[in-house]
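Residue-level structure breakdown
Chain residues, written in single-letter form:
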Amino acid sequence: MTPSAPPRRLALLGGGFSTDEDGLLDDWVLGHARTSRSKVCFVPTASGDAPAYIERFLTAFRSRACEPSVLPLFRRELDADALRTFLLAQDVVYVGGGNTANLLAVWRTHGVDRLLGEAYDRGTLLCGISAGANCWAEASHTDSFGPLDVLRDGLGLLPGSVCPHYDGEPGRRPSYREAVASGALPAGWAVDDGVGALFTEGLLTETVTRARAARLHRVEPDGRGGAVERALDGHLLEVATK
């Protein structure tokens, strides 16, 4: 009898160790890992493997009940077999922010896109912030090219499009709504800063927030040349009191 496949899950983050001091979204991610002491790999490709970004991740996760590691690609150390073994051994792959277009190009050059798809099928939780949220969808709203624009070249693990920083950066909201309304982007998910959204088998299964006003938004064309936006409430994460 063939054992059932593990659920395929990914999370879009509007925060985490790089922006927040409370660690609530990172703790939420670890709470969804498949083991109690999970292997967590940070992939900083979108920032060009920025050393300060890597150090912030290691500082934040070394004190947690997990085994943190980093996958650098600009000074790659692993051959093809070792890279595959390493990535498939991870319980969580956490992708950092930066340039979405560059991230996807580098991943495809090194075959990381295919390996992450394989890890996803095997039950590894994929997650990330900004570019690290954009990359999982079919398409995204990005500043990879300077001004805000559309990128229809994602990994496609999550149907539709993603827009990060929906409430946190000027111009994001009207630009994304216009792109969805015109058909330049498919309907999708707009993530306020402070929000976490978990998708299982491509369907939204949990939404959380570390900020009372922050929301996940579903944005779809209204069929009349505009867009309709629906804000979804999430469970409020709070710092545990001793």
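1. A word on the sheet that holds strand β3 (residues 66-70)
Here we have eight strands laid out as an open sheet, ordered β3-β2-β4-β5-β1-β10-β11-β14, and mixed in their pairing. Of all the strands in the sheet, just β3 and β14 (235-236) have a single pairing partner and so form its edges. Bridge count for strand β2 (residues 38-43) against strand β4 (residues 92-95) is four bridges, and the pairing is parallel. Its bridge partner being in β4, C41 is matched across the sheet by V93. Sheet strands in contact with helix α2 (residues 51-62) are β2, β3, β4 and β5 (125-129), and its direction is about 170° off that of β3.

2. What to know about the environment of A119
Structurally, A119 is set in helix α5 (residues 112-121). As a C-alpha pair, A119 and V93 span 26 residues in sequence and 9.0 Å in three-dimensional space. If we skip the residues at most four places from it in the chain, A119 touches L87, L88 and T124.

3. Focus on the pattern of salt bridges
In this structure the tally under the stated criterion is 16 salt bridges. R108 is the salt-bridge partner of D153, the closest N and O atoms lying 2.9 Å from each other. Of this pair, D153 sits in the loop between β7 (149-151) and β8 (158-163) while R108 sits in helix α4 (residues 100-110), and the two are 45 residues apart along the sequence. Look at R108 and you get partly exposed, because its relative accessible area is 29%. One network of salt bridges, with partners in common, ties together R8, D121 and E201.

4. Observations regarding the packing of α4 against α5
Relative to each other, α4 and α5 sit at 85°, their axes nearing to 5 Å. Classified by the angle between their axes, α4 and α5 sit roughly perpendicular to one another. Each of W107, R108 and H110 in α4 lies in contact with α5, whose residues at this interface are V112, D113 and L116. Residue composition of the contact of α4 with α5, grouped by class: three nonpolar, one polar and two charged.

Cut-offs used in this document
- Just so you know, the residues in each chain are numbered from 1, in the order the chain's sequence is written.
- The predicted nature of this model means local features are confined to residues of pLDDT at least 70 and side-chain atom pairs, given and counted, to a pLDDT of 80 or more, with totals for whole chains, interfaces and linings taken over all residues.
- In computing side-chain values, all of the structure's heavy atoms are included and hydrogens and water are not.
- We call two strands paired when DSSP finds no fewer than two bridges between them.
- Secondary structure counts use DSSP, requiring at least four H or I residues in a row for a helix and at least two E residues in a row for a strand, with both numbered from the N terminus.
- By definition, residues are in contact when any of their heavy atoms lie within 4.5 Å.
- Each axis is a line fitted through C-alpha atoms, taken for helices only over the stretch in contact, and angles between the N-to-C directions span 0 to 180 degrees.
- Salt bridge, as applied in this entry: a Lys or Arg side-chain nitrogen positioned within 4 Å of an Asp or Glu carboxyl oxygen.
- To sort residues, take the accessible area from a 1.4 Å probe on protein chains only and compare it with the maximum for the residue type: under 20% means buried, over 50% means exposed, and anything in between is partly exposed.
- Here is the rule for angles: anything less than 35 degrees is roughly parallel, anything more than 145 is roughly antiparallel, 65 through 115 is roughly perpendicular, and the remaining ranges are oblique.
- Nonpolar residues are Ala, Val, Leu, Ile, Met, Phe, Trp, Tyr, Cys and Pro. Charged residues are Asp, Glu, Lys and Arg, and all others, Gly as well, are polar.

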